[in-house]
Every structure is written in structure tokens, then in C-alpha cells.
Amino acid sequence: MQKTLFNLIQQYRTISISGMCKNAGKTTTLNNLIQNTPHSEILALTSIGRDGESVDTVTQTHKPGIYIREGSLFATAQDLLQYCDVTKEIIENTNIATPLGRIVLIRALSDGHVQLAGPSTVQQLVLIKEMFKTFGADRIFIDGAVGRKSLCSRSLANASILCTGASYNKSLDETIADTAFVCNLLMTEEMTEIKTLIDVEHLSQKYALMGKDISCYPDSSDMSKILKQAKDAKYLYVEGAITDSFLKSMIRFGFPKGLIFVTRDASKLLITEETQRKLVARDGRFGVLERINLAAITINPYSAYGGHFDAQEFITKMSEAVSIPVINPMR
Amino acid sequence: MIDLDYEQKKRIGFTYVLDLIQPTSPYGKEALRHILPASVEQEQSLRMELENIAKIQKILKVSEQAVIKLLEIFQQLRYIRASIEGIGGQMSEVDLFEIKRLLIQLDEIIPIFEEINTDAQLNNITMVQTKQALMILDPEESKIASFHISTKSFPVLATVRNEKKEVEKKLREAIVPEEKKALQAIRTGLVNHEQKEEQKAILWLSQKLEPWRKILLDNIDAIGKLDLTVQKAKLAITYGGCLPKIVEGKIKLTNMSNPQMRSILNQSERQFTPISIEMKAGVTAITGANMGGKSVALKTLALNVLLIHYGFFPFAEEAVCPVFEAIHLISDDLESSDRGLSSFGGEIVKLLEIQNDVCNAETLVLLDEFARGTNPSEGSAIARGVCAYLNKQKAFTVMTTHYEGVAALANAHYQVAGLRKLELDAKALKDMQKTTLGERIAKIASYMDYGLIRVSIDEELPKDAINICRLLSLDKEIVDLIEMHMVL
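Residues numbered from 1 in each chain as written. Chains lettered and ligands numbered in written order. Predicted model: local features only at pLDDT ≥ 70, side-chain atom pairs only at ≥ 80, totals over all residues. Heavy atoms only, no water.

Turning our eyes to something else, we now look at the overall build of chain A. Secondary structure assignment for chain A yields 10 helices and 20 strands. Along the first, second and third principal axes, the C-alpha set of chain A runs to 65 × 45 × 40 Å. Relative to its 331 residues, chain A shows a buried fraction of 54%. A fraction of 76% describes how many contacts in chain A between residues 6 or more apart in sequence connect residues 24 or more apart. A total of about 14,200 Å² of accessible surface is found on chain A, and carbon and sulfur atoms cover 50% of it. The average position of the 36 basic charges and that of the 35 acidic charges among the side chains of chain A differ by 4 Å. (Helix = DSSP H or I, 4+ residues; strand = E, 2+ residues; numbered from the N terminus. Buried < 20%, exposed > 50% of the residue type's maximum accessible area, 1.4 Å probe, protein only. Contact = heavy atoms within 4.5 Å. Areas by Shrake-Rupley, 256 points an atom, 1.4 Å probe, with all protein chains shown as cover. Lys, Arg positive; Asp, Glu negative; His and termini not counted. Charge placed at Lys NZ, Arg CZ, Asp CG, Glu CD.)

Quick look at the structure:
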């Protein structure tokens, strides 16, 4: 029997959902998970920023609402409480401020619709997650926003789901290629060896070059020169993001063969597919200290802009392009 | 009017002292933010406020645990003044949640406060029991800090919610789309009805709470006052403060300290010398060599007098002080450049501004090196003139100066002890010459006494400057020439 989406995340407590674009089916994915979660579990929901409006404020398309069961918890901004039609018990009023008021934690005393507008930073989401736990949440779903890869960070979520859909690009092939690129980048390999080498002292500097010895640098001004001389270097650890422009200049000036560019996790890799190809062509690659746990990709063949994909073709081709399960949450 | 601007308060170390205290509750923080000096009319309440600090200090000795417990609860309080002020009118469920939580916290706070207050008998700090108000928001007496509109007092709401629940149950089991749609439509109707009933319930609760509005506001004010008083008491214990006597016509401060100066000196491993001063109306002059001691004395006096007015214990062993209606500090580091004046011009403008106040006994004027910025012969004459004038006035004036002949026109004279203790015989000087420059500087610093000594008004200025030249082993030829010019 084919596994359901819920089966894939069943063993994880906190799951984040992020999308390749708007209308990629995040809410559908969330509703699918909510419906399939056993009734005995206390569910908790929040989002990064605002989501779950019945009409998409950017594209004006009808969006599915989030419908939760009695007993579930959710965190949303105070001004949105009037749009949540569950009978509410307020369990906490946090200090986290948003343009829509402070984030409030609610226990649903009945079934009903909710609109989510959670905090805007991952650190604040971690706080909300911890509060949910103290109020007895068994499972926490975090609805994401477009382009917020940091949501996949393991400090926040034990597992993540990536949503993609026809709204991303008119071309099915390009949608699949780009989704596969993001998926593979997110799943960048964990460097177990470097984890034992690196310590707090290295993390306080921006760059750490590791070969036989470890040397640290606060900035990248002489990095190309340093890399030229460091013939035996194996890893270049970057605290913070590896950007496209940084990587391009490294590729232009050259680096030791087989060098692995390492970041904390793959959400810190802000690079284009083209640059990654060039890196691989020069025998370089990426590594991370903590591998993101991408559990599945979900697809939405319907586009908010017209021009839908064939659902079967989409799922088949997407499955071929990635190594993780691909699921259509509408089915 | 306490006429010290932010920069001056910072320089005398007042801002530093305020930063030393950290109220635990948001209401204590609010009270600190809005702290104001007492005026002459508020003398009685200032006395009571100061007494409260002494009472709390006593409590801290006998039952510190109760205070610690209280502060722990204070720390969990949230700033919800706006929600309380909204009682009686339009409120939200979140407002009611916050008020319920406060009422639960008050339920814990008030018994501990009563216990403390039985011993302490604090002036003007009282709290009123709010158990009855909690019953309104927590009819089930759950004492859980969460809030929902209970159906206990609202039978219609109870019916609507039950009907809604039935529909939702059916919705969970419905499979056929048409059936689902029909159920959803019924649910929407019930949701609207529920929301209307909830609005009614909130308004009812809000009105029911109305009589408690003022009581809650008074209670949070009392918490703020108490919190701030505890912090003031702890500060006085840490830095050494005393209950001042508020008395007209006399200032007496014995062994005063200044935490900011003390911390600066401690960083360079030097000690702060306590300063004592006693004065009446008219001018008290402080003289001394150009080594800083005068300014420190003036600033420390300003700080401690100001602290008393703000309801703090002064950092002193003994303190007697009237309540001043006006305190003016004039120093040539005044911000005068924006008025296009030299620093000297700025001093004169300031003097003009305070002229009406100086004939008043409830005025304290602090002049730091008045007319220092102008040429010495005129500056000296100006300082003497101003001193003679102010000495005839009812105001209290303290003048620091390094000009000769000013103190003779004042009614009291203090000198920075300076290098008095240092015996400058030939042998000592010779020994000095053998040491390095660094050692010589350290030696002078160690002999420098910043304490104040009461001297007669016609006592000459100490000749510390020339002694410093000698001690640093300045070329003998130069020292001889300096001495020759001193005689001339």
C-alpha cells in the first residue's frame, strides 16, 4: 500500500511546511495532515507570518480554509481571532508583537475554521513551539511562507515538507527541475567528520579552513589567496550564509580540488543552480553540520494563473527527479 | 523647579544611580520611569516615602523570604493598564484573559503583602482584596490562568454552543458533498449566533467588573510603589544610605559618597574619599588645587540632595536637608553653544535666569568654578562679586573656585584636603628624585586627599600646584622662576 503523507511524518513531533511559490498547496497539505492525525493526539498549529486567508491577498484566488478539531491548539495574531470561528479558550497572550497584534495561544473548545498569523522569525517560532509543548501538544505543524527555507531548520522542525505546484512556472519541466534543485540542496549531506573537529571557538569566526590544521578568518577579503595556498584543505566552514556572489568569486579564483563548502544547515545555502553546477564542475561540493530532514514533496497541479498540469504526469516526473516521496494531497 | 537637565543629571551621577535599580514588576518600572522630585508642598508625603524605605529595610532583615516571594510574583506580572482602563466599556476576550490572570496573581500577592504590612505599617501603600472580582471571570473557581466565556451565566449561549457541537459532530461523519454543504450552512448560522451571544456576554462581564476598575488601578499603583520602595531599600543597603531628616534652614551631609565616582576610581584602583559638609543659607565656598576634588565634592553634594528630593536615601552616614523648591547647577560645561554664546556667556545667562529664585530660602544654587572660562583677573573679580551678592541672599549657595579672595566673602569655607598630609622636606624631595616618573605620579595620587576640611573664610589657597611641580621633579630653574613670580 502506498504511504500516506501522515505516515511519512508520523515519527516526528514538529513538522514545517514550506512552498516553492504561492498557491503551491501548503494549506491543502496542512489540511491533509490535520485530517489524518489520530483524534487522540493534541494538535498545535501556527504559521510564519500570515497564512490561511480564505482569499489569497496577492492573487485573489479562492484558498482552502484551515479546519481544526476540538481540543487543538493554535497560535495566531490577536486581530485575526474574529475570523476564527471555533469556540475559544485563551491560554496565553505572548509578548511577540506583529502588525496584526500580539500572538495569542488558543485552545479550540469546538471544531472550526482558523486563520493563522504566527511570528515572523524562526527564533520566535521556536518559543511558540516550546509553549505548545508545555500546553500538552503532541504534534506541531508550522505553516510556512514562500522562500523561507529557514523553516526547515532542525532547531525548529524535526521534519519538513516542500510544496510545489503549477503556479510556480508554466513549464512543467522547469517546475520539476527547480523543485528538484531546491530539494537536493536542502538535503545536502551532513559532514560527520567536521562536526568532531569544529568547536565554539571556530564558530565565533566567520570562516574556518580545515585541512591538517584549522585556521579561522573573520572575513573573506583574502580568502581567494588563502585558498590558493591551502593545498591540503578539505573543508571551508562558513558561519552564516554561503551566497552566490561569494561562491562565484571562489570559483573564479580557484580552490583546492575536492574542497567541501560547509554551512550550519542547507537553509544557509543561498545559491543558484548554475553556480552549483560550476562548483561541481570544479570538483567542489557542499556539506552541512546538520542535515535537514525533508520528508516529502507535495504537488498541486492547479495553477492560480491558469494552465494546469496533468496530475499523473506531474507526480511521475517529480518522483523521478528526487529521491524522496512525492504526494498529491488532494487525492 | 529642579533645574538640572539630562546631561547634568548624568554628570553628577544621578542617572547612574537610577540605572542601578531594576524594579521587578512592569508597574515598578513604570513608577521609576515617571519618577518626579517632591516639591515644598509635598514635604509630608516625601517624609512618608522616605520612612517607607526604612520600614522595608527592617522587613528585609526579619522576613526577607516573604519579600523575595512577593518579588517573584511581581516578576510574572504583565503590563495591562490599558486593559484595566477599558473595563466597563468595549473589551476583548484577550483583555478579560489578562484581567483574570492579574486577579489570580493578586490573590497570591495580597495575603503576602498583608503579612508584610502588619509588621511594616507602610505609609500610603494599601491593597484591596479582589476575590469577588475573580469570581466574575472564574465562576467555576478553576484558578487556571486561561480564559473562555463560560456558559454558566449565559443559558442562550449554552444552547447555541450545544447545537453547534451537534452539527460539527455530524460534519465529521458526513461524506456526501451536498450533505456537508448543508451542514456547513447550518453551522455558519450558529457561529454567527454564538458570536453575537459572546459579544453580549463580554459586555455583561465588562459591566459587572466596572466597580473593580478603580480598585485594580489602585492595586497596580500600590504594586509599583512597593516594588520601587523595595529597590530603593536594597540600593541603600548595598551602597550605604541613611534616612534623611527633612529640616528647614540647614544642610548637613556626613561622609557622603557617589556610586558613579566610586566606580570610576575603583577601576583605577583608587578609593573614593567620603565628603562631609554642613551649611546654612548664603555662600559656602569650596576651594582647592586644580586637581578635581572640588568638582567631585560639588557633584556629590548635588547628587545626594537630588536623591532626597526623588525619595531616595542619600549615600551618607547622616543627612539633614530641607525640601528645596528650586535647585540650580551652573557649570561652564553647560550646553550654551546652541545659543551662540561662549561658555562664560552661558553662565551669565543662567545667572540671569535664576535671579528671581535666589532671594528665596527654598533655593539651592550650585556654582562650579564660576567664571573660569574668562580671563583670570576679570574672572576673579566676577567670582568675588557674585559671591558677595549671593551671600546676602536667602538662598543656599555652594561655590567651588580656585580664585583667591572669593572664600573671604562667603560665610563658610571648605578646602579639599589635597596634599596637606605630605611633608615636603628636603629629604623627601631628594628621595622622590630617585624614583621614576610613573612612581612619582602614583605617589602624588596616593597622598592626594579629596576629603573636605572646614577652614576659616580667610584661609589662603593651598599651594598644591607648586608642590606638584616639585614632586614631579620639574627642573629646579623653572621651579625657582615660578616661586619668584609668585612673590611678585
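Still more ground to cover, so stick around.
Glancing now at the sheet that holds strand E11 (residues 449-455) of chain B. Residues and elements named next belong to chain B. As summarised here, the arrangement of the seven strands in space is E1-E7-E8-E9-E5-E10-E11, forming an open sheet in which the pairing is mixed. Single-partner strands in this sheet number two, and they are strand E1 (2-3) and E11. As judged from the six bridges shared by strand E5 (residues 282-287) and strand E9 (residues 396-401), these two strands associate in the parallel manner. Bridge pairing in E9 places Ala285 opposite Met399. (Pairing = 2+ DSSP bridges.)

This part covers the packing of aromatic side chains. Residues and elements named next belong to chain B. For the coordinates displayed, the defined rule picks out eight aromatic pairs over all chains. For the pair Phe14 and Tyr310, a centre-to-centre distance of 4.7 Å together with 50° between the ring planes defines the contact as tilted. Taken together, the positions of Phe14 in helix H2 (residues 14-20) and Tyr310 in the loop between helix H13 (293-309) and strand E6 (318-321) put the pair 296 residues apart, joining distant regions of the chain. Residue Phe14 is classed as buried on the basis of its relative accessible area of 2%. Taking the centre distance of 5.4 Å and the plane angle of 75° together, the rings of Phe324 and Phe396 count as edge-to-face. (Phe/Tyr/Trp six-rings, centres within 6.5 Å; stacked < 30°, edge-to-face > 60°.)

This next bit is on the packing of helix H5 (residues 64-76) of chain B against helix H7 (residues 93-120) of chain B. Residue and element names in this part refer to chain B. Taken N-terminus to C-terminus, the directions of H5 and H7 make an angle of 155°; their axes are 10 Å apart at the nearest point. For the element pair H5 / H7, the angle class is roughly antiparallel. Pair H5 / H7 crosses with left-handed handedness. On H7, the residues that touch Ala66, Val67, Lys69, Leu70, Ile73, Phe74 and Gln76 of H5 are Gln105, Glu108, Ile109, Ile112, Phe113, Glu115 and Ile116. Per-class residue counts for the contact of H5 with H7 are nine nonpolar, two polar and three charged. (Axes fitted to C-alpha atoms, helices over the stretch in contact; angles between N-to-C directions. Parallel < 35°, antiparallel > 145°, perpendicular 65-115°, else oblique. Left-handed = near helix turned anticlockwise from the far one by under 90°. Nonpolar A, V, L, I, M, F, W, Y, C, P; charged D, E, K, R; others polar.)

Moving on, we come to the confidence of the model for chain B. Residues of chain B with pLDDT of at least 70 account for 95%, and the chain-wide mean is 90. Across the interfaces of the predicted complex, the ipTM metric reaches 0.82, alongside a pTM of 0.84. (pLDDT = per-residue confidence, 0-100.)

Residue and element names in this part refer to chain A. Residue alternation in strand E14 (residues 235-238) divides its side chains into two sets, Tyr235 and Tyr237 and Leu236 and Val238, and both sets are buried. Pairing geometry for strand E12 (residues 207-210) and E14, over four bridges, is antiparallel. Across the sheet, residue Tyr207 finds its bridge partner in E14, namely Val238. Pairing of E14 with strand E16 (residues 260-263) involves three bridges; the strand directions are parallel. What sits directly across from Tyr237, in E16, is Val262.

Accessible area lost on assembly of the parts is the figure often given for the size of an interface. Taken together, the contacts link 22 residues of chain B with 26 residues of chain A. Buried area between chain B and chain A, both sides added, is near 1,800 Å², and the carbon and sulfur share of it is 41%. Ranking the residues of chain B by area buried against chain A places Arg78, Val94 and Arg172 of chain B at the top, with a combined share of 29%. A salt bridge links Glu70 of chain A to Lys165 of chain B, with the shortest nitrogen-to-oxygen separation between them at 3.4 Å. The interface formed by chain B and chain A includes 17 residue pairs in polar contact (both at pLDDT 80 or more). For the side of chain B that touches chain A, the secondary structure elements donating two or more residues are H7, helix H9 (155-173) and helix H10 (177-209) of chain B. (Buried area = accessible area lost by both parts, 1.4 Å probe. Salt bridge = Lys/Arg side-chain N within 4 Å of Asp/Glu carboxyl O. Polar contact = N/O pair within 3.5 Å; in protein donor to acceptor, adjacent residues only side chain to side chain.)

Right, let's get into the nonpolar core. Residues and elements named next belong to chain B. Among the nonpolar cores identified, the biggest contains 140 residues, and Leu226 and Leu301 are the most heavily contacted of them. Of all the elements, H7 adds the most residues to this core, at 14 residues. With sequence-adjacent residues up to four places away left out, Leu301 is seen in contact with Ile251, Leu253, Met256, Ile277, Met279, Leu366 and Val398. (Core = buried A, V, L, I, M, F, W, Y, C linked by side-chain atoms within 4.5 Å.)

Residues and elements named next belong to chain B. The buried count for strand E7 (residues 326-331) comes to six of six residues, which makes it a mostly enclosed element. Side-chain alternation along E7 places Ala326, His328 and Ile330 on one buried face and Ile327, Leu329 and Ser331 on a second face that is also buried. Where E7 lies against strand E8 (residues 363-368), six bridges are found, and the strand directions are parallel. In the sheet register, Leu329 faces E8, and the bridge partner there is Leu366.

Right, let's get into the state of the cysteines. Evaluated as defined, the whole model comprises zero disulfides over all chains. Sulfur of Cys183 of chain A: no disulfide; nearest cysteine sulfur belongs to Cys152 of chain A and is 10 Å away. Using a relative accessible area of 0% as the deciding quantity, one classes Cys183 of chain A as buried. Here Cys242 of chain B is not cross-linked by a disulfide; its sulfur's nearest cysteine counterpart is in Cys321 of chain B, at 11 Å. (Disulfide = S-S within 2.5 Å.)

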